[in-house]
Amino acid sequence: MALVASAAIARADRRPSAPPPAPPISVRLSPWQQPDPPVGDARYFYVLEVSADSDPNADVVLDRRLLHFEFRDEARRRNVRCDHPAAPRAQVAMRHSAHLTDNGANVSYREWIDLRSYCFGRSLDALNRGAHVRVSYGFTRGGRTVWVAKSGENKVRSVDAGELDFAAVTAPASADAAIVRLAPIDRASASGMSFNVSVASRTGRRRVYVRPDLFQFRIRGPLGVVSCGVPRQPIVPIADFFSRVTERSAAHRILDAQQFCPDAFLVEGVYEVTPIAELPYTPRGAASPTDVITGRFEGAPALVRIRSGARGYVDQDPNDGRPRVTHDAGSSVHD
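None of the values given here were measured: they were computed from a predicted structure. (Residues numbered from 1 in each chain as written. Predicted model: local features only at pLDDT ≥ 70, side-chain atom pairs only at ≥ 80, totals over all residues. Heavy atoms only, no water.)

Draft legend 1. Main features of the pattern of salt bridges. Per the counting criterion, the structure on display carries 18 salt bridges. Residue Arg-116 pairs with Asp-114 through a salt bridge whose shortest N-O separation is 3.0 Å. Given the relative accessible area of 3%, Arg-116 is considered buried. Salt bridges here are not isolated pairs; linked through shared partners, they connect Asp-114, Arg-116, Arg-220 and Glu-272. (Salt bridge = Lys/Arg side-chain N within 4 Å of Asp/Glu carboxyl O. Buried < 20%, exposed > 50% of the residue type's maximum accessible area, 1.4 Å probe, protein only.)

Draft legend 2. Broad picture of unusual backbone geometry. For the bond from Asp-36 to Pro-37, the omega torsion is 5 degrees, close enough to zero to count as cis. Take Pro-37: it is sitting in the loop between strand S1 (26-31) and strand S2 (45-51). Despite not being glycine, Arg-77 shows a phi value in the positive range, around 55 degrees. Along the chain, the position of Arg-77 falls in the loop between strand S4 (67-73) and strand S5 (78-83). (Helix = DSSP H or I, 4+ residues; strand = E, 2+ residues; numbered from the N terminus.)

Draft legend 3. Main features of the nonpolar core. Among the nonpolar cores identified, the biggest contains 51 residues, and Ile-25, Val-50, Phe-69 and Tyr-137 are the most heavily contacted of them. Core analysis: the second largest hydrophobic core is formed by 40 residues, Met-193, Ile-219, Cys-261 and Leu-279 among them. (Core = buried A, V, L, I, M, F, W, Y, C linked by side-chain atoms within 4.5 Å.)

Draft legend 4. Just the pairing of strand S19 (residues 224-229), in detail. Here strand S18 (residues 215-221) pairs with S19 via six bridges, running antiparallel. Paired with Gln-216 across the strands is Gly-229, a residue of S19. Hairpin connection between S18 and S19: a loop of two residues separates the two successive antiparallel strands. (Pairing = 2+ DSSP bridges.)

Below is the structure:
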């Protein structure tokens, strides 16, 4: 009799365990139809949508920084993972916890996101070569006390958010005589930030007179579109102050970003900054020297990524188009 009981217990132990319950939320990304003027290059913008269809009373962590992107960079034969540089730690997750209900009805939480807030530098270069991207939402580590959604005893740390195909991006060519560049910037905030701008020649060895007040900037980002600079001071240039430049050797200037573009980078996000150089000067006494570059030249947009911003976390409502004040912890969220 004991042998029969032991065999029955062994068979019970071999039975497959019940499958885990389905996540209490669903998450997906879809392309964002931006407002006019647009926030940035449309290829990088998506709408994050979080729904709790199975349990409207589920506790849900709502934070766009919890998105994660993974893809294969075939050119370099390596896997790439893109995370937000200010993604919250598990212990501060409840700061953005809410129930997705409105007067008892289910609603969805939606924010627009910019892929370049997650993929930047070499990761963005890899993405721009084209990729099939897998998306997840939640925390990458932690035990049962770490969750992105909770319905009763059903807690999930991370959920699948689908996949997307990102087409390769080709930079447009330019035939301008001058090459105007702004170095990319990646900072926690705009405090103390500087613009590193340069002017080079596209047509051999040339001369150019470069002053800080000859630069302007056009910024397109989360706060809209703005043009900025400082007042120009007319001068009579001295020939000795002209710089000789080539395609590889440029004239550089370091500019105080706050002085040139005050309050232009207050919130977290990616800003497309186009440097513009007005070069009107020729050496005194020279008629029209052919080796001097003059004219108005626009460089390619450079990216400025602000990781957190002076205003902290602000919601990016796809209906409003611009960031707004974040919701409070535990409050209901309206679509």
